[in-house]
Amino acid sequence: MAFDPARIPEALRKAYGAGRCAVLVGAGASKGAGLPLWGELLSRMIDSAVAHGLINHAKEAEYRTLAARSDKFLMVASGLKDDLGSHFDQFIGDTFIAPKPAPTALHEALVALDKLQFVLTTNYDTLLERAFRKRDDDVSVCSFTDAGEVQRRLSRREFFILKAHGDATKLGNKIVLTDVDYRNLLFGQRAYQSLLSAMFTMFTIVFVGASMTDPEISLLLSYIADSFSPNSGPTHYALMAAEDVTQVEKDRWFRDFKIQLITVSKQDNYAELTAFLHELGKPAAASPAAAH
């Protein structure tokens, strides 16, 4: 079934058309390129720790049991990051960079949205920057250590990609994976926290490839929770699988973070998600929704 353009909220169309829109890209957007989601990532970390002789069979079994529960993802990640130690950076590179995953149709649809102010991602891979470099060889790619550059680009309304949790190509333990990493970031990068809050206060954010069970999304939203007010600021939107969302969850996300959930089908590898982005990028006059 073809995607119905009328499902795109008019407020979102207006924000995009006015250049007041940005996208937050989660791990689900990289799945189509063959990269792991949380469960598989933790399984690979366990395999790596075993291969390097860093954990015994009993600890491996405990990790695998805990890794089957989404509410334990962060605990397992924290333990495994400590266990891997100096091998952690190599693991991240081998997982997200070495396979050289190719950008998908979803990434191409994001590139076509030429009125976006910025793209924010919690992913470590290079899919986004590789896709956007087809449009602009010099696209600016920032991390949480680049608060000054992010602020400069925001003030000048210059497009940029912000890798909120770090970049797999930049080693040296600059990857935000656990709640401990976030606490360290919170206390060490106050300017960055203020910038993220400003971004969510000034711009309408569309969540793509994000899930309610993604720990990194929960961490990010908690990190900037003070910027969400039910009575001020823009409404944000999250595109999520209809099969994974309940009405209670829809209500909570809107009340807690002013995020309106828009459901899409999982069929055909989330084809509706890509179709949504294509429709959002069309001129308002050409859209059936705009004629009403």
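On a predicted model such as this, the values are computed, not experimentally measured, just so you know.

## A few points about the packing of aromatic side chains
A complete count under the given rule lists nine aromatic pairs for this structure. On the numbers, 6.5 Å between centres and 75° between planes, the contact of tryptophan 253 with phenylalanine 257 is edge-to-face. With a gap of four residues between them, tryptophan 253 and phenylalanine 257 both fall in helix H13 (residues 247–257), about one helical turn apart. By way of ring pairs, the aromatic residues Phe200, Phe207, Trp253 and Phe257 are connected into one cluster. Above the face of the phenylalanine 159 ring, arginine 135 is positioned so that its terminal group lies 5.1 Å from the ring centre.

## Focus on the side chain of threonine 178
When you line up the elements, threonine 178 lands in the loop between strand S4 (160–163) and helix H10 (179–188). Residue threonine 178 is classed as buried on the basis of its relative accessible area, which comes to 3%. A distance of 3.3 Å separates the side chain of threonine 178 from the backbone nitrogen of valine 180, its partner in a polar contact. In this structure, threonine 178 is in contact with Leu74, Ala77, Ser78, Lys81 and Leu219, ignoring residues within four places of it in sequence.

## Overview of the sheet that holds strand S1 (residues 21–25)
Within the open sheet, the seven strands sit side by side as S3-S4-S2-S1-S5-S6-S7. Their pairing is parallel. The two strands at the open ends of the sheet, each matched to only one other strand, are strand S3 (140–143) and strand S7 (259–264). Going from strand to strand, the sheet's axes swing by 20° on average, the running direction of each strand aside. Note that S1 and strand S2 (residues 118–121) share three bridges and pair parallel. In the sheet register, valine 23 faces S2, and the bridge partner there is valine 119. On the sheet, H13 packs against strand S6 (236–241) and S7 and is oriented at approximately 145° with respect to S7.

## Remarks on helix H14 (residues 267–280)
Taking 1.5 Å per residue, 14 residues should reach 20 Å; H14 reaches 20 Å between its end C-alpha atoms and fits that length. The complete set of buried residues in H14 reads Glu272, Leu273, Thr274, Phe276, Leu277, Glu279 and Leu280. Here the buried face of H14 lies against helix H1 (10–17), helix H7 (105–111), strand S5 (204–208), S6 and S7.

## A few points about unusual backbone geometry
At lysine 100, a residue that is not glycine, the phi angle is positive and equals roughly 50°. Mapping lysine 100 onto the fold places it in the loop between helix H6 (88–96) and H7. Of note in the backbone geometry, arginine 157 takes a positive phi value of approximately 55° without being a glycine. Its location among the elements puts arginine 157 in the loop between helix H9 (147–156) and S4. Note on arginine 157: relative accessible area 46%, which makes it partly exposed.

## Observations concerning the packing of helix H3 (residues 38–51) against H6
Taken N-terminus to C-terminus, the directions of H3 and H6 make an angle of 130°; their axes are 11 Å apart at the nearest point. Taken together, the axis directions place H3 and H6 in an arrangement best described as oblique. Crossing angle aside, the handedness with which H3 passes H6 is right-handed. Residues Leu41, Arg44, Met45 and Ser48 of H3 form the contact with H6, whose own contacting residues are Phe88, Phe91, Thr95 and Phe96. Here the contact of H3 with H6 is built from residues that sort into five nonpolar, two polar and one charged.

## So, the confidence of the model for the chain
In the predicted model, the chain carries a mean pLDDT of 89, and the fraction of residues at 70 or more is 93%. The element-level mean pLDDT for the chain is lowest in H10, coming to 77, with helix H4 (residues 57–67) highest at 98. Confidence drops under a pLDDT of 50 for residues 286–292, and excluding neighbours within four residues, the segment shows eight contacts in the predicted structure.

## Considerations on the pattern of salt bridges
Within the structure shown, the criterion is met by 15 salt bridges. Note that arginine 7 is salt-bridged to glutamate 272, the shortest N-O span being 3.6 Å. Of this pair, arginine 7 sits in the segment before H1 while glutamate 272 is found in helix H14, placing the two residues 265 residues apart along the sequence. Lysine 163 is the partner of glutamate 129 in a salt bridge, and the nearest nitrogen-oxygen pair spans 2.8 Å.

## A word on the environment of leucine 42
Along the polypeptide, leucine 42 turns up in helix H3. Taking C-alpha positions, leucine 42 is 20 Å from alanine 164, a pair spaced 122 residues apart along the chain. Leaving out residues up to four positions away in the same chain, leucine 42 has contacts with Ala67, Phe73, Val76, Ala77 and Leu80.

## Some thoughts on the pairing of S4
Side chains Phe160 and Leu162 project from S4 onto one buried face, and the interleaved Ile161 and Lys163 project onto a second face that is buried too. For S3 and S4, the ladder comprises four bridges, and the chain directions are parallel. Of the residues in S4, the one forming a bridge with cysteine 142 is leucine 162. Each parallel crossover has a hand, and the one from S3 via H9 to S4 is right-handed.

Quick notes on the rules
- Residues numbered from 1 in each chain as written.
- Predicted model: local features only at pLDDT ≥ 70, side-chain atom pairs only at ≥ 80, totals over all residues.
- Heavy atoms only, no water.
- Phe/Tyr/Trp six-rings, centres within 6.5 Å; stacked < 30°, edge-to-face > 60°.
- Helix = DSSP H or I, 4+ residues; strand = E, 2+ residues; numbered from the N terminus.
- Lys NZ or Arg CZ within 6 Å of the ring centre and 35° of its normal.
- Buried < 20%, exposed > 50% of the residue type's maximum accessible area, 1.4 Å probe, protein only.
- Polar contact = N/O pair within 3.5 Å; in protein donor to acceptor, adjacent residues only side chain to side chain.
- Contact = heavy atoms within 4.5 Å.
- Pairing = 2+ DSSP bridges.
- Axes fitted to C-alpha atoms, helices over the stretch in contact; angles between N-to-C directions.
- Expected span 1.5 Å × (residues − 1).
- Parallel < 35°, antiparallel > 145°, perpendicular 65-115°, else oblique.
- Left-handed = near helix turned anticlockwise from the far one by under 90°.
- Nonpolar A, V, L, I, M, F, W, Y, C, P; charged D, E, K, R; others polar.
- pLDDT = per-residue confidence, 0-100.
- Salt bridge = Lys/Arg side-chain N within 4 Å of Asp/Glu carboxyl O.
- Right-handed = clockwise from strand over helix to strand, strands pointing away.

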